[in-house]
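Results of the structural survey
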Amino acid sequence: MKTFGYAFVFSIIGGIVGALVGLGQTNYVKKSQREIAFPIYAIGGALFGLVGGLIVGSKIGSAIDVEEKLGFDKQENNKV
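Below is a short write-up of the structure.

Conventions and cut-offs
Residues numbered from 1 in each chain as written. Predicted model: local features only at pLDDT ≥ 70, side-chain atom pairs only at ≥ 80, totals over all residues. Heavy atoms only, no water. Helix = DSSP H or I, 4+ residues; strand = E, 2+ residues; numbered from the N terminus. Rg over C-alpha atoms; globule rule 2.2 N^0.38 Å. Buried < 20%, exposed > 50% of the residue type's maximum accessible area, 1.4 Å probe, protein only. Contact = heavy atoms within 4.5 Å. Areas by Shrake-Rupley, 256 points an atom, 1.4 Å probe, with all protein chains shown as cover. Lys, Arg positive; Asp, Glu negative; His and termini not counted. Charge placed at Lys NZ, Arg CZ, Asp CG, Glu CD. Expected span 1.5 Å × (residues − 1). Axes fitted to C-alpha atoms, helices over the stretch in contact; angles between N-to-C directions. Parallel < 35°, antiparallel > 145°, perpendicular 65-115°, else oblique. Left-handed = near helix turned anticlockwise from the far one by under 90°. Nonpolar A, V, L, I, M, F, W, Y, C, P; charged D, E, K, R; others polar.

Along its length, the chain carries two helices and zero strands. Its C-alpha radius of gyration of 19 Å places the chain more than 25% over the 12 Å reference for a compact globule of 80 residues. Overall, the chain is about 65 × 30 × 10 Å in size when its C-alpha atoms are taken along their principal axes. Sorting the 80 residues of the chain into buried and exposed places 21% on the buried side. Long-range contacts, defined as pairs at least 24 residues apart, comprise 71% of the intrachain contacts of the chain with a sequence gap of at least 6. For the chain, the accessible area works out to roughly 6,300 Å², and carbon and sulfur atoms hold 68% of it. Charge separation in the chain, taken as the distance between the mean sites of 8 positive and 6 negative side-chain charges, equals 13 Å.

Turning next to the environment of Phe38. Tracing the backbone shows Phe38 in helix α2 (residues 34–70). Residues Phe38 and Thr26 lie twelve residues apart in sequence; the distance between their C-alpha atoms is 6.2 Å. Setting aside anything within four residues of it in sequence, one finds Phe38 in contact with Leu23 and Thr26.

Here we come to helix α1 (residues 2–25). Side chains that are three or four residues apart share a direction in an α-helix, a result of its 3.6 residues per turn. Along its 24 residues, α1 runs 34 Å from first to last C-alpha, staying within 8% of the 34 Å computed at 1.5 Å per residue. Where α1 is buried, its residues meet α2.

This part covers the side chain of Ser11. Within the fold, Ser11 resides in helix α1. For Ser11, a relative accessible area of 9% puts it in the buried group.

For the pair α1 and α2, interaxial distance at closest approach is 5 Å and the crossing angle is 155°. Taken together, the axes of α1 and α2 lie roughly antiparallel to each other. Between α1 and α2 the crossing geometry is right-handed. Here the residues of the contact of α1 with α2 are counted per class, giving 15 nonpolar, 14 polar and three charged.

Structure representation (structure tokens):
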């Protein structure tokens, strides 16, 4: 269940960041073409951010699940 939770949260964050990056890319388009390019960049950036966030979140969630199954989360790091 944690894998799904991390994947969901990271996909939402990735979608927001991707949409913002897509909106920022409209600065490189002529002003007369911005109304056409605006939704393309925003939706495209959001989709790439959602997919990227889903991949990263699922990998982080599965790594945390493995650490919990092996007991590494309860292990103390006492280095002297």
